[in-house]
Amino acid sequence: MTRAIAIIGAGLCGITAARELSGHVENVVVFEKSRGLGGRMATRRFAGLSINHGAPRVTPGNPELEGLLLAAGASQDSLGGWVGRPGMSSIARCMAKGLRIETRHSVTAIIKGRGGFYLEIENDRRQGPFARVILAVPAPQARVLLSALPGISKRLADIEFNPVWAFMAAFGERLDAPNRLTGPVFHRLFRQELPEEIQATRDVWVGHATAEWSSAYLEMPDALVETSMQAAFAAALGHLPPEPLYCAVHRWRYALAQKPLGEPYLEVCNGQLLVGGDWALGHGFDDAWMSGRAMAERVLLTLPGPTARGRDRAWRSDLTN
């Protein structure tokens, strides 16, 4: 049987699992439905500006992770969090260096057949066979792919998520406002730190709506949500801001797990298929990393060949080369 491994999802969890496995398995392939990497470590770019509309920063509780972030080009901001430079997505891109990642490959089905697992890809393409499959995607998406397995499907159904609407606006002048604002619509609303040389001529704001507001507006058109969030931003500011150079919204449908799984992953088919993500342990950077690493370790235990000894040291070396 082939030793190829398929990983579905190129967020931090999936990239971590792929990096852990890549030095020990001949063929590791990551499938990502979007064109970018990193999941909520996301960055929009406009006229030379990098706008972090997902996770604005990460605050790892594990010192080992700080070393990995440093190797990936991140640095600490004024609040003590770690930020990718020039944007959060650069962390994921650096960590993904050397990996085989197939972007714009939306997996619609997982089929267990002779010789291993096969993936049905949107537009009638099939990939495989794979000896093992790791699903590093939100639990509701994994549940759809594993709907034929009622046991794991029920456990995945118990994981509920709060959505988050994100608001981003860039201005051609620095607004007269503190770095953080409050308002009933926003869970957080803050000025993003910019390079010192452009702080006087550019201003970038990012807001994340509350779970209640995001749920109420979840299926609303982007244009309506953008208008509503612009009004909420003006209310929090206390006056109408100048016309923005750029304004947009983004819906994070599966942003925060209300009740995490409580373990780093679920497994089926005698450990041949694993499901995990930040939602397994919480909803933070550390949680995604720990889930991805745990799934990689589980795969390595089930495959013949070299052990995982020294993999973290090799990962750090790869990131700095």
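Described in the following lines is the structure provided in the data block.

## Section: the packing of aromatic side chains
To describe a pair of aromatic rings, you give the distance between the ring centres and the angle between the ring planes.
In step 1: Tallied over the full model, the rule gives eight aromatic pairs.
In step 2: One aromatic cluster is present, formed by Phe167, Phe171, Phe186, Trp205 and Phe233 through successive ring pairs.
In step 3: Looking at lysine 112, its charged tip hangs above the ring of phenylalanine 117, at a distance of 5.4 Å from the centre.

## Overview of the sheet that holds strand β12 (residues 161-171)
In step 1: A sheet is described by the order of its strands in space; here five strands give the open sequence β13-β14-β15-β12-β16, paired in antiparallel fashion. The strands lining the two open edges of the sheet, one partner per strand, are β13 (180-181) and β16 (246-257).
In step 2: In this sheet, strand β14 (residues 186-191) lies alongside β13 in antiparallel orientation, the contact comprising two bridges. Note that in β14 the partner of arginine 180 across the bridge is phenylalanine 190.
In step 3: Its contacts with the sheet place helix α7 (residues 222-237) against β12, β13, β14, β15 (203-209) and β16, and it is angled at close to 70° to β12.

## Focus: the layout of surface pockets
In step 1: Space inside the second largest pocket adds up to approximately 320 Å³.
In step 2: Lining the second largest pocket we find 19 residues, and of these Ser50, Pro86, Gln192, Glu193 and Leu194 sit closest to its centre.
In step 3: A per-class count over the lining of the second largest pocket returns nine nonpolar, four polar and six charged.

## Thoughts on α7
In step 1: Compared with an ideal rise of 1.5 Å per residue, which puts 16 residues at 22 Å, α7 spans 22 Å between its outermost C-alpha atoms and is within 8% of the ideal.
In step 2: Buried within α7 we find Val225, Ser228, Met229, Ala232, Phe233, Ala234, Ala236 and Leu237.
In step 3: As for α7, its buried residues are in contact with β12, β13, β14, β15, α6 (211-216) and β16.
In step 4: Phi for glycine 238, located one or two positions after α7, is positive at around 95°.

Definitions and cut-offs
Residues numbered from 1 in each chain as written. Predicted model: local features only at pLDDT ≥ 70, side-chain atom pairs only at ≥ 80, totals over all residues. Heavy atoms only, no water. Phe/Tyr/Trp six-rings, centres within 6.5 Å; stacked < 30°, edge-to-face > 60°. Lys NZ or Arg CZ within 6 Å of the ring centre and 35° of its normal. Pairing = 2+ DSSP bridges. Helix = DSSP H or I, 4+ residues; strand = E, 2+ residues; numbered from the N terminus. Contact = heavy atoms within 4.5 Å. Axes fitted to C-alpha atoms, helices over the stretch in contact; angles between N-to-C directions. 1 Å grid on protein atoms, 1.4 Å probe; cavity = no way out; pocket = protein on both sides within 12 Å on 5 of 7 lines; lining within 4 Å. Points joined across faces, edges and corners; volume = space filled by probe spheres on them. Nonpolar A, V, L, I, M, F, W, Y, C, P; charged D, E, K, R; others polar. Expected span 1.5 Å × (residues − 1). Buried < 20%, exposed > 50% of the residue type's maximum accessible area, 1.4 Å probe, protein only.

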